[in-house]
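Each chain, letter by letter, is given below.
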There are 2 protein chains.
Amino acid sequence: MSPASTLSRESAQESILRSADQLFYERGIAGVGMADVRDSAGVSLRRLYSLHPSKSDLVAAWLEDRHQTWMRWFADSVDRQVVDGVEPVRAILGAIEEWATSPGYRGCAFLNAIAETTEIDDRHRAIVADHKRALIQHVSVVVHGAYPSAPEWFASALGVLIDGAVVDSAVFGSLAPIADASSAASTLVDSFT
Amino acid sequence: MSPASTLSRESAQESILRSADQLFYERGIAGVGMADVRDSAGVSLRRLYSLHPSKSDLVAAWLEDRHQTWMRWFADSVDRQVVDGVEPVRAILGAIEEWATSPGYRGCAFLNAIAETTEIDDRHRAIVADHKRALIQHVSVVVHGAYPSAPEWFASALGVLIDGAVVDSAVFGSLAPIADASSAASTLVDSFT
DNA sequence: TTGCGGTGAGAACGATAGTTCTCTATGGTG
DNA sequence: CACCATAGAGAACTATCGTTCTCACCGCAA
């Protein structure tokens, strides 16, 4: 086995990704050095680089990981509320509100990452675009199941409302944009039925 | 007078702000060094620092300047379309579309700046929040003038739709989110009348 | 004419950070 | 037991960048 002071490959990987998530989300990608990740994860720089050969690779791994985690959480939150009898479209914005209320909320990590990306890092851009597509896809399933008469563009428009609400709530440090988005979404649903 | 090779204080200031706008918007704040601004503006580092004592000051001056410029452009674009008979709410999203179609479009400079801001630079945050408030204020005047029966939250919701459309169009490199936002906004207006 | 203030050009300084390298130790395998 | 791949600790290398400093120059006022 490994020495007591070192972690297995899996534990190290997990610890690195958890630390990367905390640090990158809280302080931004540029605001976090590899040494910070090393300190927080409790691994050596050597190990960090052996698992993620560059910072760009680490960021990509982090985004992929966060995509999985966040989508799972979002889907669960929406499902939970719908089961409790909340209107689907309200449940979607309710999940966003729940997220925005959590401590340390700093908006969407993916959008922040894109805004920070200075050079043309196509890999990161692609991950973010895929994340947004997956979000709209999920919203689309929920919404067109619940409101069959909704027009084609409704799921995409909800995606726009979600991203706008997330961004604005972070800018203003307020839940009001989410409430406004929720009102708008509900009004749209009412207009279809 | 100044020597031929040097610019007046005003010309230098103008040149610096124009260069800062191009560079910061195109490559992000962190991606631009003071030396880059110097080269592009054609002034010396000494002069650059005498007009803007730190990079943070320069960024603040740039954001203030861009706020003025952008708001003026936006208001004009909306007015122009309304005069041409375009529905006000369509005109608002039309202005966003016109912007997003312009070469070098990289989303909202203010939102990008916020996302990049790692430490708590309250000055920059405040400028961005003021910009968004001013945008919503303008939208509010236009919209509540044109649709008196619109509910209180409508202008704010339009602000959310605008920011979402801006962000998503930059992420996807597509005008589709703007069209979706426009459809949603028009449908909302129809539902009030 | 002689300083003085402001300027350009660019070197220099100090800090930070991505990445690699050295040295040492440890545990599994032949 | 000896060997080797791998790990930790941290120094070292290299590059970038914000900021300041040096030196030379020029126009203007006393």
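Residues numbered from 1 in each chain as written. Chains lettered and ligands numbered in written order. Predicted model: local features only at pLDDT ≥ 70, side-chain atom pairs only at ≥ 80, totals over all residues. Heavy atoms only, no water.

Before going further, it helps to examine the packing of aromatic side chains. A ring pair, where both rings are aromatic, is described by two values, the distance of the centres and the angle of the planes. Residue and element names in this part refer to chain A. In this structure the tally under the stated criterion is 14 aromatic pairs over all chains. Summarising the aromatic geometry, the rings of Phe 24 and Trp 62 are spaced 5.1 Å apart at their centres and angled 50 degrees between planes, so their arrangement reads as tilted. Here Phe 24 is found in helix H1 (residues 9-27), whereas its partner Trp 62 is found in helix H4 (residues 55-83), with 38 residues between them in sequence. Both residues of the pair, Phe 24 and Trp 62, belong to the buried class. (Phe/Tyr/Trp six-rings, centres within 6.5 Å; stacked < 30°, edge-to-face > 60°. Helix = DSSP H or I, 4+ residues; strand = E, 2+ residues; numbered from the N terminus. Buried < 20%, exposed > 50% of the residue type's maximum accessible area, 1.4 Å probe, protein only.)

What follows concerns the relation of the copies chain B and chain A. Least-squares fitting of chain B to chain A yields an RMSD of 0.0 Å, with the transformation described by 0.0 Å of translation along the axis and a rotation of 180 degrees. This pairing of chains is accounted for by a two-fold axis. Among all residues of chain B, the one whose C-alpha sits closest to the rotation axis is Gly164(B), at a distance of 1.8 Å. A shared interface surface links the copies, since 100% of the contact residues of chain B are contact residues in chain A too. (Least-squares fit on C-alpha atoms with pLDDT ≥ 70 in both. Contact = heavy atoms within 4.5 Å.)

Taken together, the contacts link 39 residues of chain B with 39 residues of chain A. Around 3,000 Å² of area is buried between chain B and chain A when both sides are counted, 69% of it from carbon and sulfur atoms. On the chain B side of the interface with chain A, the three residues burying the most area are Val160(B), Val171(B) and Phe172(B), jointly 19% of the side's total. Applying the counting rule to chain B against chain A returns zero salt bridges. (Buried area = accessible area lost by both parts, 1.4 Å probe. Salt bridge = Lys/Arg side-chain N within 4 Å of Asp/Glu carboxyl O.)

Right, let's get into the domain arrangement of chain A. Residue and element names in this part refer to chain A. Each domain of chain A was delimited in the assignment, giving domain 1 (1-52) and domain 2 (54-192). On a C-alpha basis, the centres of domain 1 and domain 2 stand 28 Å from each other. Tallying the contact residues gives 17 residues for domain 1 and 17 residues for domain 2. Here domain 1 meets domain 2 over a buried area of about 1,500 Å², counting both sides, of which 65% is carbon and sulfur. A per-residue breakdown of the area domain 1 buries against domain 2 is headed by Tyr 25, Ile 29 and His 52, which together make up 49% of the total. For the interface between domain 1 and domain 2, the tally reads one salt bridge. (Domains from an automatic or database assignment.)

Let us now look at the layout of surface pockets. Estimates place the volume of the largest pocket at around 700 Å³. Elements represented by at least two residues in the lining of the largest pocket include exactly helix H6 (109-116) and helix H8 (154-172) of chain A together with helix H6 (109-116) and helix H8 (154-172) of chain B. Quantified by volume, the second largest pocket comes out at close to 380 Å³. Taken together, 16 residues line the second largest pocket, and the ones lying closest to its centre are Asp21(A), Arg66(A), Thr69(A), Trp70(A) and Trp99(A). Of all the secondary structure elements, the ones that give two or more residues to the lining of the second largest pocket are H1, H4 and helix H5 (88-101) of chain A. When the residues that make up the lining of the second largest pocket are grouped by side-chain class, the tally is seven nonpolar, three polar and six charged. Shared between two domains, the lining of the second largest pocket holds at least three residues of each, these being domain 1 (1-52) and domain 2 (54-192) of chain A. (1 Å grid on protein atoms, 1.4 Å probe; cavity = no way out; pocket = protein on both sides within 12 Å on 5 of 7 lines; lining within 4 Å. Points joined across faces, edges and corners; volume = space filled by probe spheres on them. Nonpolar A, V, L, I, M, F, W, Y, C, P; charged D, E, K, R; others polar.)

Moving on, we come to the pattern of salt bridges. Residues and elements named next belong to chain A. Under the defined criterion, the tally for this structure stands at 12 salt bridges over all chains. Here Asp 36 and Arg 27 are joined by a salt bridge, their closest N and O atoms 3.1 Å apart. For Asp 36, a relative accessible area of 28% corresponds to the partly exposed category. The partner of Arg 38 in a salt bridge is Asp 39, with the nearest N and O atoms 3.1 Å apart. The class of Arg 38 is partly exposed, set by a relative accessible area of 28%.

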